[in-house]
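# Descriptive analysis of the structure
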Amino acid sequence: MRTHMCGVLDVSHIGQTVSICGWVGRRREHGEHLAFVDLRDHSGVVQCVVDNNVDVRSEYVIRITGVVRARPEGTVNAGLPTGAVEIGECVVEVLNSAEPPPFPVDARADDVDESVRLKFRYIDIRRERMQRNLRVRSKINSAIRSEMESNGFVEVETPMLMPSTPEGAREFLVPSRKEPGSFFALPQSPQLWKQLLMVAGVDRYYQIARCLRDEDLRADRQYEFMQLDAEMSFVSQDDVLENIGRAVVAAAIAVTGEAPPEIERITWRDAMERFGIDKPDLRFGMELVELTALFASTEFKAFAGAACIKGIRVDAATYPEAAAYGRNKLDALTDRAKKIGAKGLVWMKVGADGAVDSPVAKFLTDSEREALVATMGAVEGDLLLLVADEWETTVEVLGQLRNDIGRPPVHEGPYRYVWVTEFPLFVGVDPVSGKPRPGHHPFCHPHPDDLHLFDSDPLKVRALAYDLVLNGWELGSGSIRIHEPELQRRVFNQLGISDEEADRRFGFFLQPFKYGAPPHGGFAFGIDRLAAILAGEENIREVIAFPKTQSGSDPMTNAPTPVESAQLAELGLRLLPPPASS
RNA sequence: GGUCCCGUGGUGAAGCUGGAGUUCACGCCGGCCUGUCAAGCCGGAGGUCGCGGGUUCGAGUCCCGUCGGGACCGCCA
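Residues numbered from 1 in each chain as written. Chains lettered and ligands numbered in written order. Predicted model: local features only at pLDDT ≥ 70, side-chain atom pairs only at ≥ 80, totals over all residues. Heavy atoms only, no water.

### Some remarks on the packing of helix α3 (residues 128-150) against helix α5 (residues 237-256)
The geometry of α3 relative to α5 is characterised by a closest axis approach of 8 Å and an angle of 140° between their N-to-C directions. Put simply, α3 runs oblique to α5. The way α3 lies across α5 gives a crossing that is right-handed. Contacts between α3 and α5 involve Val136, Lys139, Ile140, Ala143, Ile144, Glu147 and Met148 from the first element and Arg246, Ala247, Ala250, Ala251, Ala254 and Val255 from the second. (Axes fitted to C-alpha atoms, helices over the stretch in contact; angles between N-to-C directions. Helix = DSSP H or I, 4+ residues; strand = E, 2+ residues; numbered from the N terminus. Parallel < 35°, antiparallel > 145°, perpendicular 65-115°, else oblique. Left-handed = near helix turned anticlockwise from the far one by under 90°. Contact = heavy atoms within 4.5 Å.)

### With respect to helix α10 (residues 391-406)
End to end, α10 covers 22 Å across 16 residues, agreeing with the expected 22 Å (1.5 Å per residue, within 8%). Among all positions in α10, only Trp391, Thr393, Thr394, Val395, Val397, Leu398, Gly399, Leu401, Arg402, Asn403, Ile405 and Gly406 are buried. For α10, the secondary structure elements touched by its buried residues are α6 (268-275), β13 (308-314), α7 (320-323), α8 (327-340) and β16 (383-389). (Expected span 1.5 Å × (residues − 1). Buried < 20%, exposed > 50% of the residue type's maximum accessible area, 1.4 Å probe, protein only.)

### Some remarks on the pairing of strand β10 (residues 224-233)
Along β10, 9 of the 10 residues are buried, which leaves the element largely enclosed by surrounding structure. The pairing of strand β9 (residues 204-212) with β10 spans 9 bridges and is antiparallel. For Ile208, the partnering residue across the bridge sits in β10 and is Leu228. (Pairing = 2+ DSSP bridges.)

### Some details on the nonpolar core
Grouped together as the largest cluster of nonpolar side chains are 59 residues, with contacts concentrated most on Val314, Leu333, Leu385, Leu401 and Phe492. Ranked by the residues each element gives to this core, the list is headed by α10, at 6 residues. Within the second largest apolar cluster, 43 residues are counted, among which are Ala251, Tyr466, Leu468 and Ile527. (Core = buried A, V, L, I, M, F, W, Y, C linked by side-chain atoms within 4.5 Å.)

### Things to note about the sheet that holds strand β14 (residues 346-350)
The strand order across the open sheet formed by 5 strands is β12-β13-β16-β14-β15, and the pairing between neighbours is antiparallel. Lying at the two open borders of the sheet, with one neighbouring strand each, are β12 (289-290) and β15 (356-357). As paired elements, β12 and β13 share 2 bridges and run antiparallel to each other. Paired with Glu290 across the strands is Lys310, a residue of β13. Sheet strands touched by α10: β13 and β16. Its angle to β13, the strand with the most contacts, is close to 10°.

### A few points about the pattern of salt bridges
Tallied over the full model, the rule gives 49 salt bridges. The salt bridge partner of Glu59 is Arg126, with a shortest N-O separation of 2.9 Å. Taken together, the residues Glu59 in the loop between β3 (44-50) and β4 (61-70) and Arg126 in the loop between α2 (121-124) and α3 connect sequence positions 67 residues apart. The salt bridge involving Asp457 is made with Lys460; its shortest N-O contact spans 3.2 Å. In this structure Lys460 comes out as exposed when scored by relative accessible area, which is 56%. Within this structure, Asp110, Arg117, Arg121, Asp124, Arg127, Arg129, Arg132, Glu537 and Glu542 form a network of salt bridges that share partners. (Salt bridge = Lys/Arg side-chain N within 4 Å of Asp/Glu carboxyl O.)

### A look at the sheet that holds strand β22 (residues 520-526)
One open sheet accounts for 8 strands, arranged β6-β9-β10-β22-β21-β20-β17-β11; its pairing is mixed. Edge strands, defined here as strands with exactly one partner in the open sheet, are β6 (154-155) and β11 (264-267). Across 6 bridges, strand β20 (residues 465-470) lies against strand β21 (residues 473-480) in antiparallel orientation. When the sheet's bridge partners are listed, Asp467 is paired in β21 with Ser477. With respect to the sheet, α3 is in contact with β6, β9, β10 and β22, its orientation differing from that of β9 by roughly 150°. Sitting on the sheet, α6 touches β11 and β17 (417-421), and the angle it makes with β11 is about 85°.

The values reported here are purely geometric and, on their own, carry no functional implication.
Here you go:
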């Protein structure tokens, strides 16, 4: 039907007779026999000069055959890639008429209520922004596939219907027709399958896999999302990071055209000490400054004897607004700190010659004040925020405040990829059982250097577990897995899971490991998140063709919807009456 | 489960201290217009102010509830 795409036409086509197809963007009428029609397809827009007695309106689907010609002197549109040419002598064929669209099919729709955009997603996607975003995704998928293939990975598709494994995220359940009362679960991730593929000798597996989790939605979370899921046998942690890193870099290059700076590495401990969070945003400073020793012998009650005192410096030159916060804002920061778990927040405004304005200034000695200002590197106008508490609380609160005050939108500025390594094997203690809780999942391999602490001080044991973080968003995580049954048993026992219980809950998974499981490890990272950041979006819905709203529904299809009672009966299901309204 | 913000013609907004569905821009329909380009000019149509209740002589406006949307917390091993 067509010889060219609309957006590619330029002066090199002058004189050619072309046929182009697309949607009518705008129409500008000038009297009885002249009108300009902007014809749009995904490649762009080109102006067609048509007779005004042709009735074409917004979003009509038309085919135009005409001659590419240079625009007359003075009518070139420099703002349009095709703006030096136009299509003349047009023969217009209306392939389909159209109702007026509910919102402008251009950048103005960025301001339209998102549920309206989603209700008419097929129109929304006609827009340049959405076309670009979907193509960013496609490039990422393609780059990842070719990079993984060239590194010897083989793509294996794993089942969507699998047994329920009630660990971790809430699962979507699918009732069984053949076995009423039994259910399949949709995979939260192909974790189980990929480890079995290692036992099966596949050696290097990958999959661009759909994962489903029935948890509340967010800007960076949907019910269903795509991950690059990979697993490797006979490898060290470095081998995994190296190979996943290559895929990420290939994807970034495919989209941006340039290689990002080398992926940095930081240990979990350092990330927490310096940034107060396990997904540090390295695009800005305001790092946490260690102050515990400085106040070791202070008389100030709130600091005396505190396990950990740290502070952040809100640099007036970089954050003039925050550094000049008035009492209201400072009280709000304090409330925020308390909400996160701190007993309080100490703020200090640094004046001329190191003078300090703070409600608690009078409790500090001159030498403490001087040492503080010097250690923080503070200058006049800066705001200092200090927390004294247990280590976890201190770093977490300051890390959160640091992000609140300084963190730019996720897609802005340089791309700062960082591996966060050496996550703790266990995190905290279950208040009911008194047993440690797994930091990631119970199949992560403990760090070999820490095995001597395994029984005596389990919370100090690091894992061969790692995350990939980009601009403060967790892209994904992975680990070296336990392949030795005896070590697995020790981890389960530490978690308070007996051999019998482990067998009952994970038997179908552990059994295969008795038949020759190779050492292996892997990773998975979220393609939606990477695509959003590389596309310059703050929300993964913008890079998903048909996403759900935050409440988990689809305004276009109205899913989820009730089903016929016959369908329920066939599945052996009966609905409970709705909860009584009060 | 929780906190906060937003619901006004098709779209985006304004509507202040409660006083007639008022206003602006875009779109839409009709007319004019031969070089525009998010064209211009003239005219017109189009709204149960999300929904329900309350306060009031009177509610888009104040209060309560509810529904929808969004940001975040919980949750996401």
